[in-house]
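# Overview (structure and organization)
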Amino acid sequence: MEKPAHWLFGDQLGPHFLTPGPQGPDRGTPLVMIESRAVFRRRRFHRAKAHLVLSAMRHRAAELGDRVRYVRADTYREGLRTAVGRRPVTVHHPTSRAALGLVRALDQVTVLPARGFLVPQDEFRAWRAEHDGGRLLQEAFYRRVRREHELLMDGDDPVGGRWNFDHDNREPPPKGSRTLGVPAPYRPREDAIDAEVRHDLDRWERDGDVRFVGRDGPRTFPASRREALAALRRFLTHRLADFGPPEDAMLADDPVMSHSLLSASLNLGLLDPFECLTRAEQAWRSGAAPLPSVEGFVRQIAGWREYVWQLYWHFGEEYRSSNALGHRRALPDWFLDLDADAVTARCLASVLAQVRDRGWTHHIPRLMVLGNHCLQQGWDPAAVTDWFHRCFVDGYDWVMLPNVVGMSQYADGGRMVTKPYASGGAYIHRMSDFCGPCAYRPDRRTGEAACPYTAGYWAFLHRHRHRLAGNPRMARAVLGLDRLADLDDLLEEQKGRTGPP
Ligand SMILES: Cc1cc2nc3c(=O)[nH]c(=O)nc-3n(C[C@H](O)[C@H](O)[C@H](O)COP(=O)(O)OP(=O)(O)OC[C@H]3O[C@@H](n4cnc5c(N)ncnc54)[C@H](O)[C@@H]3O)c2cc1C
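Rules used in this analysis
- Residues numbered from 1 in each chain as written.
- Predicted model: local features only at pLDDT ≥ 70, side-chain atom pairs only at ≥ 80, totals over all residues.
- Heavy atoms only, no water.
- Helix = DSSP H or I, 4+ residues; strand = E, 2+ residues; numbered from the N terminus.
- Rg over C-alpha atoms; globule rule 2.2 N^0.38 Å.
- Buried < 20%, exposed > 50% of the residue type's maximum accessible area, 1.4 Å probe, protein only.
- Contact = heavy atoms within 4.5 Å.
- Areas by Shrake-Rupley, 256 points an atom, 1.4 Å probe, with all protein chains shown as cover.
- Lys, Arg positive; Asp, Glu negative; His and termini not counted.
- Charge placed at Lys NZ, Arg CZ, Asp CG, Glu CD.
- Domains from an automatic or database assignment.
- Buried area = accessible area lost by both parts, 1.4 Å probe.
- Salt bridge = Lys/Arg side-chain N within 4 Å of Asp/Glu carboxyl O.
- Near = heavy atom within 4 Å.
- Polar contact = N/O pair within 3.5 Å; in protein donor to acceptor, adjacent residues only side chain to side chain.
- Nonpolar A, V, L, I, M, F, W, Y, C, P; charged D, E, K, R; others polar.
- Phe/Tyr/Trp six-rings, centres within 6.5 Å; stacked < 30°, edge-to-face > 60°.
- Lys NZ or Arg CZ within 6 Å of the ring centre and 35° of its normal.
- Core = buried A, V, L, I, M, F, W, Y, C linked by side-chain atoms within 4.5 Å.
- Disulfide = S-S within 2.5 Å.
- Pairing = 2+ DSSP bridges.
- Axes fitted to C-alpha atoms, helices over the stretch in contact; angles between N-to-C directions.
- Expected span 1.5 Å × (residues − 1).

### Some points on the overall build of the protein chain
If you tally the helices and strands in the protein chain, you get 21 helices and seven strands. In terms of overall size, the protein chain behaves like a compact globule, its C-alpha atoms giving a radius of gyration of 23 Å where 501 residues would be expected to give roughly 23 Å. Based on the C-alpha atoms only, the size of the protein chain along its principal axes is roughly 80 × 60 × 45 Å. Relative to its 501 residues, the protein chain shows a buried fraction of 57%. For the protein chain, long-range pairs separated by at least 24 residues make up 75% of all intrachain contacts whose partners lie at least 6 apart in sequence. By element, 49% of the accessible surface of the protein chain is carried by carbon and sulfur atoms, the whole surface being about 21300 Å². When the 71 positive and 64 negative side-chain charges of the protein chain are each reduced to one mean point, those points stand 1 Å apart.

### Re the domain arrangement of the protein chain
Per the domain assignment, the segments making up the protein chain are domain 1 (5–112), domain 2 (121–186 + 222–315) and domain 3 (321–496). Taking only C-alpha atoms, the centre of domain 1 and the centre of domain 2 are 28 Å apart. Taken together, both faces of the contact between domain 1 and domain 2 bury some 1300 Å²; the carbon and sulfur share is 63%. Three residues, His 16, Leu 52 and Arg 97, lead the burial of domain 1 against domain 2; their summed loss comes to 36% of the area buried on that side. Applying the counting criterion to the domain 1 and domain 2 interface returns zero salt bridges.

### Some details on the site of the ligand
Lining the immediate surroundings of the ligand are 28 residues, of which His 259, Ser 260, Leu 261, Asn 267 and Met 400 lie closest. For the ligand, an oxygen atom lies 2.9 Å from a polar atom in the backbone of Ser 263. Computed on the free molecule, the ligand has an accessible area of 810 Å², of which 99% lies beneath the protein chains in the complex. Contributing elements (two or more residues each) for the shell around the ligand: helix 9 (263–267), helix 11 (291–315), helix 14 (363–377) and helix 16 (397–408). Per-element tally for the shell around the ligand: the top contributor is helix 11, with six residues. Considering only residue class, the shell around the ligand consists of 14 nonpolar, eleven polar and three charged. Each of domain 2 (121–186 + 222–315) and domain 3 (321–496) accounts for three or more of the residues forming the shell around the ligand.

### Considering the packing of aromatic side chains
Summed over all chains, the structure comprises 27 aromatic pairs. Seen from their ring centres, Trp 7 and Phe 9 are 4.6 Å apart, and the 25° between their planes marks the pair as stacked. The ring of Tyr 396 carries Lys 49 above its face, with NZ or CZ at 5.4 Å from the centroid. When the ring centre of Tyr 312 is taken as origin, the NZ or CZ atom of Arg 97, which lies over that ring, is 5.7 Å away.

### Observations concerning unusual backbone geometry
The residue Glu 150 is not glycine, and still its phi comes out positive at about 50°. Mapped onto the elements, Glu 150 comes out in the loop between helix 6 (138–148) and strand 6 (153–154). The exposure class assigned to Glu 150 is exposed, which follows from its relative accessible area of 62%.

### Some words on the nonpolar core
In this structure, Trp 7, Leu 240, Leu 370 and Trp 387 are the most contacted members of the largest nonpolar core, which totals 150 residues. Here this core takes 13 residues from helix 11, the largest share from any one element. Beyond its immediate stretch of four places on either side in the chain, Leu 370 contacts Phe 335, Leu 348, Val 351, Leu 352, Val 355, Thr 361, Pro 365, Trp 387, Phe 388 and Phe 392.

### Considering the pattern of salt bridges
On inspection of all chains with the given rule, the structure shows 42 salt bridges. Asp 168 is the salt-bridge partner of Arg 162, the closest N and O atoms lying 2.8 Å from each other. For Arg 162, a relative accessible area of 34% corresponds to the partly exposed category. When the shortest N-O distance is used, the salt bridge between Asp 397 and Arg 320 registers 2.8 Å.

### A short note on the side chain of Gln 108
By the secondary structure assignment, Gln 108 is in the loop between helix 4 (97–105) and strand 5 (109–112). Taking relative accessible area as the criterion, Gln 108 reaches 14% and is therefore assigned buried. Among the polar contacts listed, one links the side chain of Gln 108 to the backbone oxygen of Gly 85, at a separation of 3.1 Å. Here the side chain of Gln 108 touches Arg 87 through a polar contact of 2.8 Å, landing on its backbone oxygen. Setting aside its immediate chain neighbours within four residues, Gln 108 contacts Leu 80, Val 84, Gly 85, Arg 86, Arg 87, Pro 88 and Val 89.

### So, the environment of His 92
Position of His 92 among the secondary structure elements: in strand 4 (residues 89–92). Of the residues examined, His 92 reaches a relative accessible area of 0% and is grouped as buried. For His 92 and Glu 171, which are 79 residues apart along the polypeptide, the C-alpha to C-alpha distance reads 41 Å. Among residues more than four places away in sequence, those in contact with His 92 are His 6, Gln 12, Phe 17, Gln 23, Gly 24, Pro 25, Leu 112, Pro 113 and Arg 115. Of the polar contacts made by the side chain of His 92, one reaches the backbone oxygen of Pro 113; its length is 2.7 Å.

### Quick word on the state of the cysteines
The final tally for this structure, using the stated rule, is zero disulfides. For the unlinked cysteine Cys 391, the closest cysteine sulfur is that of Cys 374, found at 11 Å. The thiol sulfur of Cys 435 is not disulfide-bonded, and the nearest other cysteine sulfur, from Cys 347, lies at 6.3 Å.

### Brief notes about the sheet that holds strand 4
Read from one edge of the open sheet, five strands run 3-2-1-4-5, paired in parallel fashion. Edge positions in the sheet fall to strand 3 (68–73) and strand 5, since each has one partner strand and no second. Here the strands of the sheet are splayed against their neighbours by 30° on average, with no regard to which way each runs. Helix 4 contacts strand 1 (5–8), strand 4 and strand 5 of the sheet and is inclined by roughly 135° relative to strand 5.

### Details of helix 8 (residues 225–239)
For helix 8, spanning 15 residues, the distance from its first C-alpha to its last is 20 Å, which sits close to the expected 21 Å at 1.5 Å a residue. Residues Arg 225, Glu 227, Ala 228, Ala 230, Ala 231, Leu 232, Phe 235, Leu 236 and Arg 239 constitute the buried set of helix 8. Buried residues along helix 8 sit against helix 2 (47–64), helix 9, helix 10 (273–285) and helix 11.

Right, dumping it as structure tokens:
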């Protein structure tokens, strides 16, 4: 029988997807990569995301040289036929249900285990079985991963005697300072491959069959292993030490603060999570970064990223259409078009502009500014998920579904998190410098200066009071509704509101 070729998906670009062994391709195995234009035709992606993905695939193909057959085709099926005909093919477990369904449906394809995550799926299934019927707590899973992979461990105990530094890592931004003052993150330099990608995207748009959203300025995220390693190195050396305490804070003029900007590289497979974790631990052991910052970073990757990946497969396909709160409103055009200039609320305008300009904003703006607004407005969670997927450079099906359907929109009715992430302007005011010059006041519920988040929060609680009153973490907030003398006015004003806030 003919020796199989090996297929690399566009998010399997690092060396760990080619490690030889019984569950990986041999050293000399011919490789196939397929660039499918239909993917971009189906949905309106952020142009910087399309640029990054194509640039990263083409950079990888250039590195692999003659070993890879790089095919540009309309669909994956067509591309595979062109590349290998009927020849058998192996592929590492893809990251979406759609892609998994496709490769499983092709007789010639053998699916190898997933790479790029710490915990094999069968281990997660075993852990889940141990917790049969109980809640799948992220914290418990995270501790297990730490033990299993000996991350920040001192024998059986966590180093420093504590598993969790969340309390230290929730500081508001520094007062009176417009930036965090940490060294800037790594910036790649574009090359001839980027110029070719930009030229192709322009042509596709001109042809009229592909439409993008957002701006495709100079590329800000790594497109090759070399660039991704440089970005990791710069983060570990210059920025990790300050990662923890302001992790949840937001500054209008410093959107990146001390965040790593590594999600796009991890999700393209340019970096392996384990190398990021061990090198972060090394930074702590060598005294280069304090424990709260290093534990905070390790928790994001070994805890949240890993947990989200496992939940995507655990929750199943129906999870996508969850809508426990019955939210059905369509997303307005200004939001779909990332029209930040149409928005008055300074937090939302700033964050939407960040998405428009680079297809990225950090976790708290995603959750507490963008997601919070979508939730309060009762926008259809499937459409919100689609929006996040298309507009973020690091957005993939597996990471979007739990983060948006579960964490941000509470559309799963609490399978992932214990309460909705809804909050009024007071939270944004405490954790950012957005509110000072804003036309709205975070403590106003009604009138011209009513903060859309504060009014939206009470309207949301009112709309779902019966469901939320039974949630021990929300019951007090729901009781607060009865103390609002202006609730009727607030609800009336909310009804009359149209257009961007
Ligand atoms: C509504 C919403 C949508 C999100 N969509 C995505 C997405 O499409 N892709 C994505 O990678 N992350 C997503 N996240 C998680 C998180 O916001 C991003 O991973 C993070 O902001 C990326 O920036 P960073 O690399 O600087 O992260 P850092 O703050 O530096 O964190 C380090 C790493 O931890 C990982 N991480 C942290 N939290 C999560 C999480 N909840 N899920 C998965 N990985 C996590 C990421 O790989 C990240 O690079 C989303 C969160 C929310 C609330």
